[in-house]
Amino acid sequence: MPSPDRLVILDRDGVINRDSDDYVKSLAEWVPYPSAIDAIARLSRAGWTVAVATNQSGIARGYYDEATLAEMHAELNRLVRKAGGEVAHIAFCPHGPDDGCDCRKPLSGLLEQIRSALGMESLAGSWMVGDSLRDLQAGEPMGCRPALVRTGKGERTLAKHPELTAEDSEARVFDDLAAFVDWLLASTSAASGPLPHRR
Ligand SMILES: O=P(O)(O)OC[C@@H](O)[C@H]1O[C@@H](OP(=O)(O)O)[C@@H](O)[C@@H](O)[C@@H]1O
Ligand SMILES: [Mg+2]
Ligand SMILES: [Zn+2]
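Residues numbered from 1 in each chain as written. Chains lettered and ligands numbered in written order. Predicted model: local features only at pLDDT ≥ 70, side-chain atom pairs only at ≥ 80, totals over all residues. Heavy atoms only, no water.

**Q** Run through the overall build of the protein, naming residues and quoting values.
**A** If you tally the helices and strands in the protein, you get 7 helices and 6 strands. Counting only C-alpha atoms and orienting by the principal axes, one finds that the protein spans roughly 45 × 35 × 30 Å. In the protein, which comprises 199 residues, the share counted as buried stands at 51%. Sequence-distant contacts, at least 24 apart, represent 68% of the contacts inside the protein between residues at least 6 apart. (Helix = DSSP H or I, 4+ residues; strand = E, 2+ residues; numbered from the N terminus. Buried < 20%, exposed > 50% of the residue type's maximum accessible area, 1.4 Å probe, protein only. Contact = heavy atoms within 4.5 Å.)

Have a look at this one:
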């Protein structure tokens, strides 16, 4: 059972792979950031558990189906394993904005699925890394530490929510997933225990 202090939960589109305003509708359109695949493997090799929480309303919208989504996630798993790492669990919301589900971010249902799948009591102290505010909002009730990346919709998110970069913001901002992992591994190798909360 992973410790939340060594768990990173990743949003998918815009963090692990390029996002598209037209949705990522096929394996061919699923283009991972090479540095992100390597970053996930570096986390695994350093003893961290990595999970993914992704909204996939394109399924409800009829743009692609769960079999196509499974092809993308098989490829993600293959690439991460080839790089020497592992993705412990991928939780996805196939629903649309009007379906009233409890798993579409900013709700926390996907993170609850991850907590349960990994057999954890709590996610408090784990990291939630995303390119949209709703990613960070999904982690907040679960006690996740928020990290925003500038890739994908990250720059748009920061333009809409400049408070995220304020000195007293709980969120930390990074250029991309690789930069977050560089910082996290450097910080936690220096401090053996959990990271101090941002002052
Ligand atoms: O970033 P994650 O959660 O991994 O996935 C986001 C995607 O499911 C899509 O989410 C859609 O939002 P709506 O679902 O239409 O609000 C749009 O933002 C698309 O551009 C985007 O590709
Ligand atoms: Mg995203
Ligand atoms: Zn859902």
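Structure shown, so let's carry the discussion forward.
**Q** Now, about the coordination of the zinc ion (ligand 3): what can you tell me, with residues and values included?
**A** Looking at the zinc ion (ligand 3), the protein donor atoms are Cys93 (SG), His95 (ND1), Cys101 (SG) and Cys103 (SG), and they sit 2.0 to 2.3 Å from it. Geometry at the zinc ion (ligand 3) is tetrahedral, judged from its 4 donor atoms and the angles of 102 to 116° they form at the metal. Here the donor residues for the zinc ion (ligand 3) map to a single chain with the spacing C-x1-H-x5-C-x1-C. (Donors = N, O, S within 2.8 Å, 3.2 Å for Na, K, Ca; no water. Tetrahedral: all angles 85-135°; square planar, octahedral: opposite > 155°, others 65-115°.)

**Q** Account for the packing of aromatic side chains, with residues named and values stated.
**A** Tallied over the entire structure, the rule returns 6 aromatic pairs. Each ring, one from Phe180 and one from Trp183, has its centre 6.3 Å from the other, and the planes form 35°; the classification is tilted. Of this pair, Phe180 and Trp183 are both found in helix H7 (residues 177-190), 3 residues apart, which corresponds to roughly one turn of the helix. (Phe/Tyr/Trp six-rings, centres within 6.5 Å; stacked < 30°, edge-to-face > 60°.)

**Q** An account of the coordination of the magnesium ion (ligand 2) is requested, with residue identities and associated values reported.
**A** Distances from the magnesium ion (ligand 2) to its protein donors, Asp11 (OD), Asp13 (O) and Asp131 (OD), fall within 2.1 to 2.2 Å. The sequence pattern formed by the donor residues of the magnesium ion (ligand 2) is D-x1-D-x117-D. Of this pair, Asp13 sits in the loop between strand E1 (7-10) and helix H1 (34-45) while Asp131 is found in the loop between strand E4 (127-130) and helix H5 (133-139), placing the two residues 118 residues apart along the sequence. For the pair Asp13 and Asp131, one class covers both residues: buried.

**Q** Can you break down the pattern of salt bridges residue by residue, with the values?
**A** When their charged atoms lie close together, side chains carrying opposite charge are able to pair. Within this structure, the stated rule accounts for 13 salt bridges. With its nearest N and O atoms 3.5 Å apart, the salt bridge here joins Lys153 to Asp21. Pair noted here: Lys153 is in the loop between strand E5 (145-149) and helix H6 (154-160) and Asp21 is in the loop between E1 and H1, with a separation of 132 residues, a long-range link. Residue Lys153 is classed as partly exposed on the basis of its relative accessible area, which comes to 23%. Judged by its relative accessible area of 49%, Asp21 falls in the partly exposed class. (Salt bridge = Lys/Arg side-chain N within 4 Å of Asp/Glu carboxyl O.)

**Q** Residue-level account of the pairing of E4, with values.
**A** By the alternation rule, side chains of E4 split into Trp127 and Val129 and Met128 and Gly130, which are all buried. In this structure, E1 lies alongside E4, joined through 3 bridges in parallel fashion. Across the sheet, Val8 pairs through a bridge with Trp127, a residue of E4. Pairing analysis gives 4 bridges linking E4 to E5, with the strands arranged parallel. Bridge assignment links Gly130 to a residue of E5, and that residue is Leu148. (Pairing = 2+ DSSP bridges.)

**Q** How would you summarise the confidence of the model for the protein if you had to cite specific residues and measurements?
**A** For the protein, the mean per-residue pLDDT works out to 95, and 95% of the residues sit at or above 70. Model confidence for the complex is summarised by a pTM of 0.95, with the ipTM given as 0.98. (pLDDT = per-residue confidence, 0-100.)

**Q** So what about the site of ligand 1? Which residues, and what values?
**A** Around ligand 1, the structure places 16 residues, and the nearest of them are Asp19, Tyr23, Thr54, Asn55 and Arg104. One nitrogen or oxygen atom from the side chain of Ser57 is found 2.7 Å from an oxygen atom belonging to ligand 1. Take Arg134: an N or O atom from its side chain is 3.0 Å from an oxygen atom of ligand 1. Computed on the free molecule, ligand 1 has an accessible area of 510 Å², of which 89% lies beneath the protein chains in the complex. (Near = heavy atom within 4 Å. Polar contact = N/O pair within 3.5 Å; in protein donor to acceptor, adjacent residues only side chain to side chain. Areas by Shrake-Rupley, 256 points an atom, 1.4 Å probe, with all protein chains shown as cover.)

**Q** I'd love a proper account of the nonpolar core, names of residues and values included.
**A** Val8, Ile16, Leu76, Val129, Leu177 and Phe180 are the most contacted members of the largest nonpolar core, which has 35 residues in total. When contributions to this core are tallied by element, the ones reaching two or more residues are E1, H1, strand E2 (49-55), helix H3 (66-82), E4, E5 and H7. The element contributing the most residues to this core is H7, with 6 residues. Not counting residues up to four positions away in its chain, the partners in contact with Val8 are Leu43, Trp48, Thr49, Val50, Ala51, Trp127, Val129, Phe180 and Leu184. Within the second largest apolar cluster, 18 residues are counted, among which are Leu7, Ala51, Leu110 and Met128. (Core = buried A, V, L, I, M, F, W, Y, C linked by side-chain atoms within 4.5 Å.)

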